Amino acid sequence: DMSVRLRQYEDKNIDQLTYEKNKLEAVLMSIANGVVACDNFDNVILVNNAALSMLNVKSKQIIGTKIQSYCDSEGNVCFEEHIEKFKDTPLEEIEKNPLEFHVEIDHKLFEAFISPIFTLSQEYLGYIMILHDITKEAEIDKLKNNFISNVSHELRTPVTVLRSYIDTLHNYNEEFDENTKKDFLNIMNQEADRLNKMVNDILDFSRLESPNIQLKKEFYDIKPLLELTVSSMSVLAQEKNLLFSIIVEPDLPRVYINTESIERVLKNLLSNAIKYSNNGGKIKVRA
């Protein structure tokens with residue numbers, strides 16, 4: 001009778017342990033982030049579904065293997081360096097501050113954390129690695145940085161033009177006749193308007209982020225646009241003793257463009273031409 005009762009008690013405990021183990025595995029498998037658990041000898045003992053997808057492997061291909069030997073589809077060893085760093089860090093330090101690193105797997109970027117696993121009696125069992133896909137966040141950061149860089153470049157041209165014309169009028173005002181001063185003021189007014197439009201575009205984030213942005217276009221003669229653009233940049237060219245020449249072939253057809261955008265492009269190109277040309281050189285603009 002005692003033997004039967006002991007067996008029943010043992011079976012009950014095994015069933016309870018099995019239930020708890022299955023429940024724990026079910027929780028780990030349903031976590032959206034990738035989870036990879038390794039024993040004290042770096043053997044993979046558990047991988048959830050998210051990690052299998054991130055690592056692009058099947059469970060039988062990775063369970064029981066050394067995590068350091070994992071390679072992505074291009075043959076890149078992804079974790080060896082970070083695992084060695086983890087193992088070289090004292091346990092009491094890594095327990096308080098899990099190792100954090102970024103790793104690229106098959107052109108996707110992941111944020112990873114490695115933490116040690118202990119029993120209730122503080123016996124070291126191995127470690128667990130959490131993977132979080134930050135590819136989209138990284139792309140957004142890159143777009144943001146590119147946006148800031150482009151905005152800086154876009155704003156620099158009209159600001160530089162305005163500064164040059166203002167400095168010229170301030171320092172050499174008496175040397176210019178009224179018509180020249182009027183031309184200078186007209187160009188400054190145009191640049192101020194352009195700068196205002198650019199600032200409004202930057203503030204209108206919904207318009208900037210729209211993939212189907214619609215620009216107002218019309219058929220336009222390119223010659224007056226070229227002449228106006230070159231004229232507005234002439235003061236910048238004079239600072240380096242540069243000469244502009246405009247060559248426009250006769251009978252050019254009108255082009256279907258957004259004049260503000262094309263003018264902005266031309267000014268950026270001319271600004272770069274001025275910046276990277278040697279003093280006393282010549283810049284040829286041909287249509």
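Whatever comes next refers back to the structure up there.
What this report covers is the structure whose coordinates are included nearby. Keep in mind the model is a prediction, meaning the values are calculated, not measured.

Right, let's talk about the nonpolar core for a bit. Formed by 27 residues in total, the largest nonpolar core has its most connected members in Val 36, Leu 55, Ile 67 and Phe 79. Elements that contribute at least two residues to this core include exactly strand E1 (34-39), strand E2 (44-47), helix H2 (49-55), helix H4 (80-88), strand E3 (99-105), strand E4 (108-118) and strand E5 (124-133). Excluding its chain neighbours within four sequence positions, the residues that come into contact with Ile 67 are Val 36, Cys 38, Asp 42, Val 44, Phe 79, Ile 83, Tyr 127 and Met 129. Core analysis: the second largest hydrophobic core is formed by 22 residues, Ile 222, Leu 225, Leu 236 and Leu 270 among them.

Okay, the sheet that holds E2 next. Read from one edge to the other, the open sheet built from five strands follows the order E2-E1-E5-E4-E3, with strand pairing classed as antiparallel. Strands at the two margins of the open sheet, each flanked by one partner only, are E2 and E3. Taking the axes of each pair of neighbouring strands and ignoring which way they run, one obtains an average angle of 25° across the sheet. Alignment of E4 against E5, held across nine bridges, turns out to be antiparallel. Bridge pairing in E5 links Ser 115 to Ile 128.

Glancing now at the pairing of strand E9 (residues 282-286). Burial along E9 is one-sided: the face carrying Ile 283 and Val 285 is buried and the face carrying Lys 282, Lys 284 and Arg 286 is not. The pairing of strand E7 (residues 243-247) with E9 spans five bridges and is classified as parallel. Bridging from a neighbouring strand, Leu 243 pairs with Lys 282 of E9.

Within the chain, Asp 106 stands out as a residue other than glycine whose phi angle is a positive 50°. You can see Asp 106 is positioned in the loop between E3 and E4. Despite not being glycine, Asn 241 has its phi angle at roughly 55°, a positive value. Relative to the assigned elements, Asn 241 resides in the loop between helix H9 (222-238) and E7. Judged by its relative accessible area of 57%, Asn 241 falls in the exposed class.

According to the stated counting rule, one finds six aromatic pairs in the structure shown. Ring plane angle 45° and centroid distance 5.0 Å describe the contact between Phe 219 and Tyr 256, whose orientation is recorded as tilted. With Phe 219 in strand E6 (residues 218-220) and Tyr 256 in strand E8 (residues 255-257), this residue pair connects regions lying 37 residues apart in the sequence. We classify Phe 219 as partly exposed; its relative accessible area is 48%. One aromatic cluster is present, formed by Tyr 165, Phe 176 and Phe 184 through successive ring pairs.

One full turn of an α-helix is made of 3.6 residues, so residues set three or four places apart face in the same direction. End to end, helix H6 (residues 135-172) covers 55 Å across 38 residues, agreeing with the expected 56 Å (1.5 Å per residue, within 8%). Here H6 has its buried residues at Thr 135, Val 151, Thr 157, Pro 158, Val 161, Leu 162, Ser 164, Tyr 165, Thr 168 and Leu 169.

This part is about the packing of H9 against helix H10 (residues 259-276). H10 packs onto H9 with a crossing angle of 35° between their chain directions and a minimal axis gap of 10 Å. Crossing angle aside, the handedness with which H9 passes H10 is right-handed. Residues Leu 225, Leu 226, Leu 228, Thr 229, Val 230, Ser 232, Met 233, Leu 236 and Ala 237 of H9 pack against Thr 259, Ile 262, Glu 263, Leu 266, Lys 267, Leu 270, Ser 271 and Ile 274 of H10. A class-by-class count of the residues in the contact of H9 with H10 yields 11 nonpolar, four polar and two charged.

How each quantity is defined
Residues numbered from 1 in each chain as written. Predicted model: local features only at pLDDT ≥ 70, side-chain atom pairs only at ≥ 80, totals over all residues. Heavy atoms only, no water. Core = buried A, V, L, I, M, F, W, Y, C linked by side-chain atoms within 4.5 Å. Buried < 20%, exposed > 50% of the residue type's maximum accessible area, 1.4 Å probe, protein only. Helix = DSSP H or I, 4+ residues; strand = E, 2+ residues; numbered from the N terminus. Contact = heavy atoms within 4.5 Å. Pairing = 2+ DSSP bridges. Axes fitted to C-alpha atoms, helices over the stretch in contact; angles between N-to-C directions. Phe/Tyr/Trp six-rings, centres within 6.5 Å; stacked < 30°, edge-to-face > 60°. Expected span 1.5 Å × (residues − 1). Left-handed = near helix turned anticlockwise from the far one by under 90°. Nonpolar A, V, L, I, M, F, W, Y, C, P; charged D, E, K, R; others polar.

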